[in-house]
Amino acid sequence: MSFSETVADCEGTIIISCDEVTPESIICKILQVESLPEAVASKSNLKGYSWSFTTKYYSSKINLYAIKEKAELDPTFSESVKAVIFYFDSQKLSSYEDVLSWMGILKNVDAEVQLLVCNNCLDECNNPALERKNILKWCVQNQYELVELNPAPENEDEDDENFKSAKGYDRIIEALQSYTWANLVMKDEKSVDESPKKGAEGIKESESKNAAKETKPSVSENNKDSSSSEEEGYKTMNVDGEELGLEQHLLNNVLNGEDPGGESFEALFSKFASMKEKAAGLNNEEKKKYAEKVAIAFWRAMGGDEDEIEGLDDSE
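About the thresholds
Residues numbered from 1 in each chain as written. Predicted model: local features only at pLDDT ≥ 70, side-chain atom pairs only at ≥ 80, totals over all residues. Heavy atoms only, no water. Helix = DSSP H or I, 4+ residues; strand = E, 2+ residues; numbered from the N terminus. Buried < 20%, exposed > 50% of the residue type's maximum accessible area, 1.4 Å probe, protein only. Core = buried A, V, L, I, M, F, W, Y, C linked by side-chain atoms within 4.5 Å. Contact = heavy atoms within 4.5 Å. Phe/Tyr/Trp six-rings, centres within 6.5 Å; stacked < 30°, edge-to-face > 60°. Polar contact = N/O pair within 3.5 Å; in protein donor to acceptor, adjacent residues only side chain to side chain. Pairing = 2+ DSSP bridges.

Draft legend 1. Main features of the environment of Y65. Relative to the helices and strands, Y65 resides in strand β4 (residues 58-67). Taking the relative accessible area as the measure of exposure, Y65 reaches 0% and is therefore buried.

Right, here's the structure in full:
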């Protein structure tokens with residue numbers, strides 16, 4: 001398969017190192033292997049490696065690209081890149097400046113996941129530009145997430161307060177798996193629901209399913225964009241003629257606070273992939289209107305009070 005065919009077939013993540021740590025070593029950590037497999041794509045300044053992964057609810061395949069040299073990126077390749085990972089030495093100004101020098105090259109990359117990775121950031125250092133507060137400020141301004149492989153204890157406490165339990169490479173993998181990739185494939189819903197459950201998790205899910213059977217939230221009969229499925233345990237969202245089946249027990253888990261790991265919300269959110277693709281082709285004003293329709297339909301699917309969305313418009 002040619003490079004262009006590989007790019008067209010699979011979305012990807014680019015990994016750039018502005019330090020002695022190589023992009024290939026970072027990819028090994030993500031793949032959780034000691035040595036890299038054969039590259040599936042190669043050009044003068046980059047190599048791509050396939051990564052297939054499976055979560056509890058879905059599976060997907062993407063390419064991880066190691067880029068070593070600055071060079072103009074092909075438009076088709078840029079369009080296929082949905083995640084960017086930078087590694088830099090937070091103790092060296094030259095390394096940080098190298099990260100900044102890549103921004104112009106990546107101007108045509110519209111990545112949803114952007115990570116700035118380092119060993120750790122110090123609250124105080126010789127160069128103010130490298131102090132943690134200033135690195136975080138840059139991340140916020142440029143929509144990057146700072147990932148420290150070995151954060152200081154006080155910064156670990158800060159992350160815990162922000163509900164980010166995963167650290168280091170675990171967080172990198174988590175961030176990549178949380179994105180809705182174009183070729184995401186949902187697992188068989190029946191097999192997920194009937195998988196063996198143990199302990200408190202199994203009890204909670206069983207209780208949620210029973211609650212779903214006994215109680216069904218009311219839905220407005222006049223609502224043309226949201227309807228209740230006759231099949232027990234499901235709700236149907238309809239937005240602009242596109243239907244989404246939402247499992248009632250997942251909705252219950254989210255609404256009742258019985259989703260400590262966020263798995264039910266993740267499963268619901270992953271179903272919005274087709275809607276996200278549709279929204280990508282709209283202008284800003286159309287996106288706002290479409291997002292409003294989705295929000296209204298989701299609210300009604302959950303049995304929300306119509307008074308709460310009074311004044312919002314879900315019509316064409």
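Draft legend 2. Quick look at the nonpolar core. I14, F77, V84, F86, L106 and L116 are the most contacted members of the largest nonpolar core, which totals 30 residues. Counting residues per element, the ones that place at least two in this core are α1 (3-9), β1 (12-18), β4, β5 (81-88), α4 (93-101), β6 (113-118) and α5 (132-142). Ranked by residues supplied to this core, first place goes to β5 with four residues. In contact with F86, not counting residues within four places along its chain, are I16, C18, V99, W102, M103, L106, L115, L116, V117 and Y144. In this structure, I15, V113, I173 and W181 belong to the second largest nonpolar core, which totals 29 residues.

Draft legend 3. Focus on the packing of aromatic side chains. The tally for this structure, following the rule as stated, stands at nine aromatic pairs. With a centroid separation of 6.5 Å and 65° between ring planes, the pair formed by F86 and W102 is classed as edge-to-face. Of the two residues, F86 is situated in strand β5 and W102 in the loop between α4 and β6; the sequence distance between them amounts to 16 residues. For the residue pair F86 and W102, the accessibility class agrees, reading buried in each case. Relative to Y144, the ring of W138 has its centre 5.1 Å away and its plane inclined at 40°; by these criteria the two rings are tilted. For the pair formed by W138 and Y144, the shared burial category is buried. Ring pairs connect the aromatic residues F86, F88, Y96, W102, W138 and Y144, which therefore count as one cluster.

Draft legend 4. Seen up close, the side chain of S95. You can see S95 is positioned in helix α4. For S95, a relative accessible area of 3% corresponds to the buried category. In terms of polar contacts, S95 uses its side chain to reach the backbone carbonyl oxygen of C18, at 2.6 Å. Here S95 is in contact with C18, D19, F88 and D89, once residues within four sequence places are set aside.

Draft legend 5. Spotlight on the pairing of β4. β4 sits mainly inside the fold: eight of its ten residues count as buried. Pairing analysis gives five bridges linking β1 to β4, with the strands arranged parallel. Bridge assignment links I16 to a residue of β4, and that residue is I67. Of the strand pairs in this sheet, strand β3 (residues 46-54) and β4 are connected by nine bridges, and their pairing is antiparallel. Directly across from S50, in β4, lies its bridge partner N63. Counting the residues in the hairpin turn of β3 and β4 gives three residues.

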